[in-house]
Amino acid sequence: MENNQDDTNIIEVKNLVKRFGKFTAVDNVSFNVKKGEIFGFLGPNGAGKSTTIRILTTLSLPTSGEAKVSDHDVVHGQDQVRRRIGLVAEKVILYNRLTADENLEFFGSLYHLPKKVVHERTEKWIYKLHMDEWRKQQVGTFSTGMKQRINIVRALLTEPEVLFLDEPTLGLDPQTTHVIRTFLRELNDQGVTIVLTTHDMNEAEALSDTVAIVDHGKIAAIDTVENLKKLVPNVKDPTLEDVFLKITGEETRDIASGKITSSRRFGPH
Amino acid sequence: MLNLIFDAWKIARKDLTEFIRDKLRLVTFIIMPIFMMTLVGFIFPSQNSLKNINIGVANQDSGKAGTTVVKMLENLKTNGSNVFKVEDYPNLDSIKEGIREQKISGGLVIPSDLTSTLASNKQADITIVQDQSNPQISALTNQILQQAVAGFGQEIGASKVRSLLVTTEKVSPQPPSSPLAFIQPIKSTITGLVSGKTNYFDFVASGIMAMVVMTAVLTGLAASVSRENEQGTLDGILVAPIRRLSIIFGKAMAQSIRGLFQGIIVLLLSVFLFGVTIHGSLLLVMLVLALGIFSFVGLGILVSAAASEQETATQLLFMFQFPMLFLSGAFFPLQQMPKIMQNIAHLLPLTYAIEALRKIMILGGGISEVRNELIVLVVFGAVTLIIALPLFNRLVKR
């Protein structure tokens, strides 16, 4: 993993809290993300990852606490934050009845980017993601992998300083997964900070410089992958999954109406 | 402000492109008003629309009077077509049997002594038999038959008076100018605000137009927002540096364009297929439709804000739409309703839009006649928007 991060924090989160009624989804969370790093944000279902990402991308307001992206407050400087980030959410943000080009033009226009600039930026990324020959086709005719690649191009139209990705390779075939992972590394080499939320431990381990493990709305551990592995000294050649299970336990998490309960306990790992 | 409008237009254009490319939605969108107008146009009969109605006539009179009545019924015409198709029946019971078997929609029994009774200057009695299983057709048929019998009676009366006058002229210093002045001393003349006859369809066309346009906006807006919310595409718009207001205005703009287009389809169908005459200004009709749409946008946003899923939005809207269909006076005049229902009806913007459209389309009213309705539509729209916009902001910040 190539490391081109510097010591400047591009994301600063301090005492962040988000409550939905009586349920606390994010519980006094603080962490920083360094400029140019790939930051893996891991946690079981309902741990508060997506809520934190929604706050950082200005899609949700925090109940209390502070968060800054590229020195701009996510509450008071929303537009500045929005111009500096790209979002690849869990659901693909594309319209099925528009062509790939039309989708990109539409989203580019929402950032007030001239058509020419949108085309230039599209050209820049679409070839690398092997989607150039499909530009004039309606997105509804695409496979999941093709949609996700156009979805990534859409998120990059603003030339973001920080790219947030929520499960970017979920449900994709190994070939597309490989293309996307290689692409993300290249992107990071060019200086783009990446915040990656995933349940795929191999992916997190392969890509991340720093990993934060969230559980019950709190940061349970945050460090480099190498350092985190030291938390499981009894395991020979530990993986990130061993660390994750050690920290978050082996119980499945079921969420209903904002309540999290533990259900079946599986046998020892 | 300009940016707000431009951003709204980008979203509207995207929504409309998506809509036009969805062939099934497009076809339903065009067919729905055609289907609705055709259905309403043909299921609600007017006197003019009654043609070739099967009636049974039991002419038991062997004299001239009975034959004259039958011929008169056979030759009764509306818009160039025969009103009745007369079938011979022997007596009252057979006519009743015919109605029961739904072979005929009513009947007439001419008594055997009709000619002789009239000749002896006595009052004769013709029996009209009605089909009580179909009150609407039956009421219209009865009316036409009664008018026909009364007309025939008048003719006989007039000829009798004429012969009487010959004898009374000698004694009366001032003989009447016409025998009808004896039989019917007072007659009434009906006049309207515009020339020509109007029928139920003229009444209902304006109601349907307002209803189709406004419900399209209401359902379309809520469905569009909740669909994007469900699919996740709304996040893509929300994460862009544009104002929340331009998102909802863009969605409202797209739905309004769709609604107006549907309104024009209904208008064209009414005029060219069902012969509705628009006595007032077409521009004013469009203004009412546009303000009607405006009055519904706030409600649409409220529903979108309340329901995060398309299905919930549809159910919520059904709750609004269903009572509105009956209460707004689209199909039945408000005056027929009890006072309390009339009061409730006047809380609905659709009622005002329909009233304004009727004043313009049927009575040839101008802007001064519909001023109050237009003010209500604007105020209703503004108030619901003021309530709805902060709620929408809350929805997207959840």
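Residues numbered from 1 in each chain as written. Chains lettered and ligands numbered in written order. Predicted model: local features only at pLDDT ≥ 70, side-chain atom pairs only at ≥ 80, totals over all residues.

A. View of the overall build of chain A. Looking only at helices and strands, chain A features nine helices and 12 strands. For 269 residues, the compact-globule estimate of 2.2 N^0.38 gives 18 Å, and the C-alpha radius of gyration of chain A, at 19 Å, lies within 12% of that figure. Overall size of chain A, expressed as C-alpha extent along the three principal axes, is 55 × 40 × 40 Å. In chain A, which comprises 269 residues, the share counted as buried stands at 44%. When contacts within chain A are restricted to residue pairs at least 6 apart in sequence, long-range pairs at least 24 apart make up 68% of them. (Helix = DSSP H or I, 4+ residues; strand = E, 2+ residues; numbered from the N terminus. Rg over C-alpha atoms; globule rule 2.2 N^0.38 Å. Buried ≥ 20, exposed ≤ 12 C-beta atoms within 10 Å, placed from the backbone. Contact = placed C-beta atoms within 7 Å.)

B. The arrangement of the sheet that holds strand β6 (residues 85-88) of chain A in detail. Residues and elements named next belong to chain A. With mixed pairing, six strands are arranged side by side in an open sheet as β6-β7-β8-β3-β9-β10. A single partner strand is all that each edge strand has here, and the edge strands are β6 and β10 (218-224). Averaged over all neighbouring strand pairs, the angle between strand axes comes to 15 degrees, with direction disregarded. Direction of pairing for strand β7 (residues 162-166) relative to strand β8 (residues 193-197): parallel, over a ladder of five bridges. (Pairing = 2+ DSSP bridges. Axes fitted to C-alpha atoms, helices over the stretch in contact; angles between N-to-C directions.)

C. Focus on the packing of helix α10 (residues 244-272) of chain B against helix α11 (residues 282-306) of chain B. All names here are of chain B. At a minimum axis separation of 10 Å, α10 and α11 run at an interaxial angle of 135 degrees. If you check the angle between α10 and α11, you find them oblique. In terms of crossing hand, the pair formed by α10 and α11 is right-handed. Along the contact surface, α10 presents Ile 248, Ala 252, Ser 256, Gly 259, Leu 260 and Gly 263, while α11 presents Leu 289, Ala 290, Ile 293, Val 297 and Ile 301. (Parallel < 35°, antiparallel > 145°, perpendicular 65-115°, else oblique. Left-handed = near helix turned anticlockwise from the far one by under 90°.)

D. Molecular detail of the packing of helix α8 (residues 200-231) of chain B against helix α12 (residues 310-327) of chain B. Residue and element names in this part refer to chain B. It is at 9 Å that the axes of α8 and α12 come closest, and there the two elements cross at 165 degrees. It follows that α8 is roughly antiparallel to α12 by the angle criterion. Seen from above, α8 lies across α12 with right-handed handedness. Touching Met 211, Thr 215, Leu 218, Thr 219, Ala 222, Ala 223, Ser 226, Arg 227 and Glu 230 of α8 are Gln 310, Ala 313, Thr 314, Leu 317, Gln 321 and Leu 325, all from α12. Class assignment of the residues belonging to the contact of α8 with α12 gives a composition of seven nonpolar, six polar and two charged. (Nonpolar A, V, L, I, M, F, W, Y, C, P; charged D, E, K, R; others polar.)

E. Representation of the confidence of the model for chain A within the structure. Residues and elements named next belong to chain A. Looking at chain A as a whole, the pLDDT averages 89, with 91% of positions reaching at least 70. Mean pLDDT in chain A bottoms out at strand β12 (residues 259-265), which sits at 43, and peaks at strand β5 (residues 72-73), which reaches 97. Between residues 259-269, whose pLDDT stays under 50, and residues either more than four places distant or in other chains, the model counts 16 contacts. (pLDDT = per-residue confidence, 0-100.)

F. Representation of the sheet that holds strand β4 (residues 64-69) of chain A within the structure. Residues and elements named next belong to chain A. Taken together, the four strands give an open sheet; going across it, the order is β2-β1-β4-β5, and neighbouring strands pair in antiparallel fashion. Of all strands in the sheet, those with a lone pairing partner are β2 (23-34) and β5, marking the two edges. Lying on the sheet, helix α1 (residues 49-56) is in contact with β1 (9-20), β2 and β4; it crosses β1 at an angle near 120 degrees.

G. Highlighting the pairing of strand β9 (residues 210-215) of chain A. Residues and elements named next belong to chain A. Counting buried residues along β9, six of its six residues qualify, which places the element largely inside the surrounding structure. On β9, burial covers both faces: Thr 210, Ala 212 and Val 214 on one face and Val 211, Ile 213 and Asp 215 on the other are all buried. With four bridges joining them, strand β3 (residues 38-42) and β9 adopt parallel strand pairing. Note on β9: the bridge partner recorded for Phe 39 is Thr 210. Taken together, the six bridges between β9 and β10 define a ladder with antiparallel strand orientation.

H. Main features of the nonpolar core. If you look at the biggest cluster of nonpolar residues, it comprises 141 residues, and the most contacted ones within it are Phe164(A), Ile194(A), Met214(B), Val288(B), Ala353(B) and Leu357(B). Residue contributions to this core peak at 18 residues, all from α8(B). Excluding residues that lie within four positions of it along the chain, Met214(B) makes contacts with Gly292(B), Ile293(B), Phe296(B), Leu350(B) and Ala353(B). Core analysis: the second largest hydrophobic core is formed by 21 residues, Ala58(B), Ala65(B), Val86(B) and Ile95(B) among them. (Core = buried A, V, L, I, M, F, W, Y, C linked by C-beta atoms within 7 Å.)

I. Summary view of unusual backbone geometry. One non-glycine residue with positive phi stands out, namely Glu167(A), at about 50 degrees. Within the secondary structure, Glu167(A) sits in the loop between β7 and α6 (174-189). Residue classification places Glu167(A) among the buried positions, given that 20 C-beta atoms sit within 10 Å. For Gln102(B), which is not glycine, the phi torsion reads 60 degrees and is therefore positive. With respect to the element layout, Gln102(B) can be found in the loop between α4 (92-100) and β5 (106-110).

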